[in-house]
Amino acid sequence: MVEVTLPDGTAKSLDSGATGADLAAAIGARLAKAALVVKVDGRLTDLSTALPNGATVEIVTAASADGLDVLRHSTAHVLAQAVLRLWPGAKYAIGPTITDGFYYDFELPNGARFSDDDLERVADEMRAIMREDQPFIREEHTIDQGLAIFAEQPFKSEIIRAVGTAATEEDLREVGDGGAVSTYRNSESFTDLCRGPHVPSTSRLGFFKLMRVAGAYWRGDEKRPQLQRIYGTAWDSKEALELHLYRLEEAERRDHRKLGQELDLFSFPTEIGPGLAVFHPKGGTLRRLMEDYSRQRHVDGGYEFVTSPHITKAELFETSGHLQWFADGMYPPMELDEGQRYYLKPMNCPFHVLIFKARQRSYRELPLRLFEFGSVYRYEKSGVVHGLTRVRGMTQDDSHIFCTREQMNDELTSLLEFVLDLLREFGLNDFYLELSTRPPAKAVGSDEEWAEAEATLESVARAAGLELVLDEGGGAFYGPKISVQARDAIGRTHQMSTIQLDFQQPKRFEATYIGPDNQRHRPIMIHRALFGSVERFIAILIEHYAGALPTWLSPEQVRVLSVRDDHDDYAFEVASLLRADGARVVVEPASEPLGARIRKAKMEKIPYVLVVGDDDVTSGTIGINARGSNDPERGVSLDDFRHRFANEVASHGRPEE
RNA sequence: GCCUGGGUAGCUCAGUCGGUAGAGCAACGCAUUCGUAAUGCGUAGGUCGGGAGUUCGAAUCUCCCCUCAGGCUCCA
């Protein structure tokens, strides 16, 4: 007999040798059917494993995150089996789960590659394997046996050889640790190296979709062979799968590139070049509004406004160290004046250091906060540019704060407050912080300096009271950083502002100030971009709001429509009164049917459509059709609307709220 | 940079076997004067991403380049 404890605390006695499957059956038929794996003392295990006496055991179904993860991992195995059936001689590498799904990497014989059409064939083969109801049979081997089993499989062999020596997190996921390797056999012809656990049989799978093929470097190293990767998603029901696909479509509808086109905000003319955007009048208005607001807040926050040129001699970036680390990411230099090399600037900071150094500085001037909307150019690799979020030319709302070591903590604390407050004004409310520490390979500065900088940032971040995530080794070469991450309306997270602490640039540029002791001292420099880049921030706002921007940011806030053309004069009158209040208003006279003009305005996501007809002309009122509302208001007094509108603009609200 | 798939009118897309290009929307013109998501008719609009090649003939087949999308690598 074995006795186990269930999660609710009840004890259950079973025959000795009883498995997770037996336990599930003893609890109930429905559970037995839904069971995928068991959690024994917190460790996920196959249903077929005998339960140890005295264990705490939880039956895991697809209703839990663990269960779904197992389901996806098992589906990845089926994918591998299908590919090996269709491409005899294919080599298979790793097939982990990822958010909402899984992938598997392969090397096909004779350099063959997957095409999109192959996905359907592979999926059909997978369904066949699922119909065959193949069991997942766990087997354990010594390392030598493992190497023998996978003698023909170089990627598997490499993973096995790494066991106990240089195994990565990913390897362990595949094989487990402890000097032995485990495999899962589905049939005589297919065995995969895997730590498990797995669902009992392939028949338990089925609600999946292969999404796309992609190239992926073996072990993520671009110097190693590029494998063929297939991405898939898998769920426990048809409904869950369809809901997931629907969510993907929803995200597509919010895509800022699509909305930017539809709303006539910006474009990327091919004549200009990849990753280089032009903003159209409406997008330009949006930018102006954002920048104006930001400028005002910076004035209030005690910042000094500076500007710097777009190009500079190489020497500046040699001194800063950027050329040493990031020459690949910079546009190549132009040679001028007998071999003098000039670069487009990828960063604003060295310029701001030079402004600091332009004259002798006193401790009385610190903290000195320099701010600039600085345009920078970075030569991003051709495959990485992406809409407005990854561009080759962008404008950073960049500032550099020079302060003393003693001021550092307070300055960072108020800075973080400043940043979060401003982001909230743009409608982002759900934040967490990420602390990026010293990068392992490229970093300058002493261990002590890094330790102090990291400790300072960490204490400031903790004091902010937000969730804090560690990003080990993610810092810049000159210092660690805190980044503010924001969750958008559909739950995606975006890296927003970064705050970086830098002891190195002041040293490299030999920046000093005179302290109260009449001695020279080295200032600390804090780098900080709030929007990150204006372009990227616009992209995030567009996606967050699905194009329906808050009224204060809408390029066109109000459109006035006359019912008949003899109401046009009144429409223009209403518009000019609203304009006098500072509103951005367009009148569309009655040349088309009212319904058509309403529709057009709605599709342009204009916050307020005002309709004026006979009744309004006689009584000085308007009809209001607010964005997001299904029932238009009639006979509203113009003054009422002006107040309502002014309040909404001032509070940065939206008509939907 | 690498892998896969795209690029046809301003936008979204169709175009069979290689035979010289089409729709809807938008634009423009005329008519229509209308109370809350598409009024009707008409006109104009294309070196089919660019270049080379094969062919009597190329949007269509081949090669090179540009560019976009999804990944990988990278992101000061």
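Residues numbered from 1 in each chain as written. Chains lettered and ligands numbered in written order. Predicted model: local features only at pLDDT ≥ 70, side-chain atom pairs only at ≥ 80, totals over all residues. Heavy atoms only, no water.

Chemist: Teacher, can you tell me more about the side chain of His 298 here?
Modeler: Along the polypeptide, His 298 turns up in helix 10 (residues 281–300). Beyond its immediate stretch of four places on either side in the chain, His 298 contacts Tyr 303, Phe 305, Phe 371, Phe 418, Arg 528 and Leu 530. (Helix = DSSP H or I, 4+ residues; strand = E, 2+ residues; numbered from the N terminus. Contact = heavy atoms within 4.5 Å.)

Chemist: What's the story with the protein's contact with RNA strand B in this structure? I'm lost.
Modeler: Close to RNA strand B lie 61 residues, the nearest being Arg 113, Arg 212, Tyr 217, Gln 226 and Asn 625. In this structure, a base nitrogen belonging to RNA strand B sits 2.7 Å away from a side-chain N or O atom of Asp 616. Contributing elements (two or more residues each) for the surface near RNA strand B: strand 12 (207–217), strand 13 (226–235), helix 9 (256–262), helix 12 (322–326), helix 19 (594–603), helix 20 (614–619) and strand 33 (621–626). Of the residues contributing to the surface near RNA strand B, the split by class is 24 nonpolar, 19 polar and 18 charged. (Near = heavy atom within 4 Å. Polar contact = N/O pair within 3.5 Å; in protein donor to acceptor, adjacent residues only side chain to side chain. Nonpolar A, V, L, I, M, F, W, Y, C, P; charged D, E, K, R; others polar.)

Chemist: Before we go on, may I ask you to explain helix 17 (residues 534–544) in this structure?
Modeler: An α-helix turns once every 3.6 residues. As a result, residues three or four positions apart point the same way. Burial of helix 17 is extensive: 10 of the 11 residues sit out of reach of the surface. If you check which residues of helix 17 are buried, you get Val 534, Glu 535, Phe 537, Ile 538, Ala 539, Ile 540, Leu 541, Ile 542, Glu 543 and His 544. (Buried < 20%, exposed > 50% of the residue type's maximum accessible area, 1.4 Å probe, protein only.)

Chemist: Is there a simple way to explain the confidence of the model for chain A in this structure?
Modeler: Parts of the prediction with low pLDDT should not have their coordinates interpreted in detail. In this model, chain A carries an average pLDDT of 93, and 98% of its residues clear a pLDDT of 70 or more. When pLDDT is averaged over each element of chain A, strand 16 (residues 304–305) comes out on top at 98 and helix 7 (residues 169–175) at the bottom at 59. Interface predicted TM-score (ipTM) for the complex: 0.95; the corresponding pTM is 0.92. (pLDDT = per-residue confidence, 0-100.)

Chemist: What is the right way to look at the nonpolar core in this model?
Modeler: If you look at soluble globular proteins, the nonpolar side chains tend to sit buried side by side. Counting 55 residues, the largest nonpolar core has Met 290, Phe 426, Phe 531, Phe 537 and Leu 553 as its most contacted members. By residue number, the principal contributor to this core is helix 14 (residues 405–425), which donates nine residues. Apart from the residues within four sequence positions on either side, Phe 537 is in contact with Met 290, Leu 423, Phe 426, Leu 428, Met 496 and Phe 531. Counting 53 residues, the second-largest nonpolar core is a separate cluster that includes Leu 36, Tyr 92, Met 126 and Phe 150. (Core = buried A, V, L, I, M, F, W, Y, C linked by side-chain atoms within 4.5 Å.)

Chemist: What exactly am I supposed to notice about empty space enclosed by the protein here?
Modeler: In this approach a probe as big as a water molecule rolls over the atoms, and the regions it shows empty are the leftover space. The full count for this structure, using the stated rule, is two cavities of 30 Å³ or more. By volume, the largest cavity is sized at about 140 Å³. As for the largest cavity, its lining consists of Leu 263, Leu 265, Lys 282, Gly 547, Leu 549, Ser 554, Pro 555, Glu 556, Glu 604, Lys 605 and Ile 606. Broken down by class, the residue content of the lining of the largest cavity amounts to five nonpolar, two polar and four charged. The volume enclosed by the second largest cavity comes to roughly 40 Å³. In terms of lining residues, the second largest cavity is bounded by Glu 449, Trp 450, Ala 453, Tyr 478, Gly 479, Pro 480, Leu 501, Asp 502, Phe 503 and Gln 504. Elements supplying a minimum of two residues to the lining of the second largest cavity: helix 15 (447–463) and strand 26 (493–502). (1 Å grid on protein atoms, 1.4 Å probe; cavity = no way out; pocket = protein on both sides within 12 Å on 5 of 7 lines; lining within 4 Å. Points joined across faces, edges and corners; volume = space filled by probe spheres on them.)

Chemist: Any chance you could explain the sheet that holds strand 19 (residues 340–344) here in plain terms?
Modeler: Adjacent strands of a sheet form backbone hydrogen bonds with each other and so pair up, either parallel or antiparallel. Sheet architecture is open: three strands sit in the order 17-19-18, paired in antiparallel fashion. Since the sheet does not close on itself, it has two edges, and those belong to strand 17 (311–313) and strand 18 (334–336), each with one partner. Within the sheet, the average angular offset between the axes of one strand and its neighbour, ignoring direction, is 35°. Pairing of strand 17 with strand 19 involves three bridges; the strand directions are antiparallel. Looking at the pairing, Ile 311 lines up with Leu 344 of strand 19. (Pairing = 2+ DSSP bridges. Axes fitted to C-alpha atoms, helices over the stretch in contact; angles between N-to-C directions.)

Chemist: What is the right way to look at the packing of helix 10 against helix 14 in this model?
Modeler: Helix packing for two helices is described by the angle between their axes and how far apart those axes are. With their axes 12 Å apart at the nearest point, helix 10 and helix 14 run at an angle of 150° to one another. Taken as axis vectors, helix 10 and helix 14 run roughly antiparallel relative to one another. Helix 10 and helix 14 meet at a crossing whose hand is right-handed. Two secondary-structure elements touch here, helix 10 through Tyr 293, Arg 297 and His 298 and helix 14 through Phe 418, Asp 421, Leu 422 and Glu 425. A breakdown of the residues in the contact of helix 10 with helix 14 according to their chemical character gives three nonpolar, one polar and three charged. (Parallel < 35°, antiparallel > 145°, perpendicular 65-115°, else oblique. Left-handed = near helix turned anticlockwise from the far one by under 90°.)

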